[in-house]
Amino acid sequence: MNQRQLANRWGVSEATLERWRSEGIGPVFLKLQGRVMYRLEDVEAYEHDCLRKSTSERVAGGDA
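Overview of the structure. Bear in mind the structure is a predicted one, so any value in this text is a computation, not a measurement.

## Considerations on the nonpolar core
So, step 1. Counting residues in hydrophobic clusters, the biggest one holds six residues: Leu 6, Ala 7, Leu 17, Val 36, Tyr 38 and Val 43.
So, step 2. What Val 43 contacts, discounting residues up to four positions off in sequence, is Met 1, Leu 6, Arg 9, Trp 10, Pro 27 and Tyr 38.

Written as structure tokens, this is what we have:
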């Protein structure tokens, strides 16, 4: 998916994704011929890693 599609999926601006990339935040991405692309499996893996039961507790094993 492209940057715009991911921004829409997460409800953030494209500028936020650009800043996060420069800070090493967010899912890994591809840069193909100057275009930034995200693989769905990488986006879903990042979302899975961000699962929380509370503000201080991650979900064990990713099970909700």
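Picking up after the structure, the text goes on.
## Observations regarding the environment of Leu 6
So, step 1. Turning to its location among the elements, Leu 6 is positioned in helix α1 (residues 3-10).
So, step 2. Sequence separation between Leu 6 and Cys 50 is 44 residues, and the spatial gap between their C-alpha atoms is 16 Å.
So, step 3. If near-sequence neighbours (up to four positions away) are discounted, Leu 6 is found in contact with Met 1, Leu 17, Pro 27, Tyr 38 and Val 43.

## Considering the pattern of salt bridges
So, step 1. Under the criterion given, the structure shown has five salt bridges.
So, step 2. Linking Arg 4 and Glu 14 is a salt bridge whose minimum nitrogen-to-oxygen distance equals 3.1 Å. Of this pair, Arg 4 sits in helix α1 while Glu 14 sits in helix α2 (residues 14-23), and the two are 10 residues apart along the sequence.
So, step 3. Judged by relative accessible area, Glu 14 falls into the partly exposed class, the value being 26%.

## Quick notes on unusual backbone geometry
So, step 1. One non-glycine residue, Gln 33, adopts positive backbone phi at about 50°.
So, step 2. As for its placement among the helices and strands, Gln 33 is situated in the loop between β1 (30-32) and β2 (35-37).
So, step 3. Of the residues examined, Gln 33 reaches a relative accessible area of 85% and is grouped as exposed.

## Concerning the packing of aromatic side chains
Any two aromatic rings considered together are summarised by their centre-to-centre distance and by the angle between their planes.
So, step 1. On inspection of all chains with the given rule, the structure shows three aromatic pairs.
So, step 2. Judged by centre distance (5.8 Å) and plane angle (35°), the ring pair of Trp 10 and Tyr 46 falls under tilted. Here Trp 10 is found in helix α1, whereas its partner Tyr 46 is found in helix α3 (residues 40-49), with 36 residues between them in sequence.
So, step 3. Grouping aromatic residues by their ring pairs yields a cluster made of Trp 10, Trp 20 and Tyr 46.
So, step 4. In this structure, Arg 21 is placed above the aromatic ring of Phe 29, and the distance from its NZ or CZ to the ring centre is 5.5 Å.

## Some details on the packing of α1 against α2
The axes of two packed helices give the description: the angle between them and the distance between them.
So, step 1. One can describe the packing of α1 onto α2 by two numbers: an axis separation of 9 Å at closest approach and a directional angle of 105°. Taken together, the axes of α1 and α2 lie roughly perpendicular to each other. Residue-level inspection shows Gln 3, Arg 4, Leu 6, Ala 7 and Trp 10 of α1 in contact with α2, the latter providing Glu 14, Leu 17, Glu 18, Trp 20 and Arg 21.
So, step 2. Residue composition of the contact of α1 with α2, grouped by class: five nonpolar, one polar and four charged.

The rules we used
Residues numbered from 1 in each chain as written. Predicted model: local features only at pLDDT ≥ 70, side-chain atom pairs only at ≥ 80, totals over all residues. Heavy atoms only, no water. Core = buried A, V, L, I, M, F, W, Y, C linked by side-chain atoms within 4.5 Å. Buried < 20%, exposed > 50% of the residue type's maximum accessible area, 1.4 Å probe, protein only. Contact = heavy atoms within 4.5 Å. Helix = DSSP H or I, 4+ residues; strand = E, 2+ residues; numbered from the N terminus. Salt bridge = Lys/Arg side-chain N within 4 Å of Asp/Glu carboxyl O. Phe/Tyr/Trp six-rings, centres within 6.5 Å; stacked < 30°, edge-to-face > 60°. Lys NZ or Arg CZ within 6 Å of the ring centre and 35° of its normal. Axes fitted to C-alpha atoms, helices over the stretch in contact; angles between N-to-C directions. Parallel < 35°, antiparallel > 145°, perpendicular 65-115°, else oblique. Nonpolar A, V, L, I, M, F, W, Y, C, P; charged D, E, K, R; others polar.

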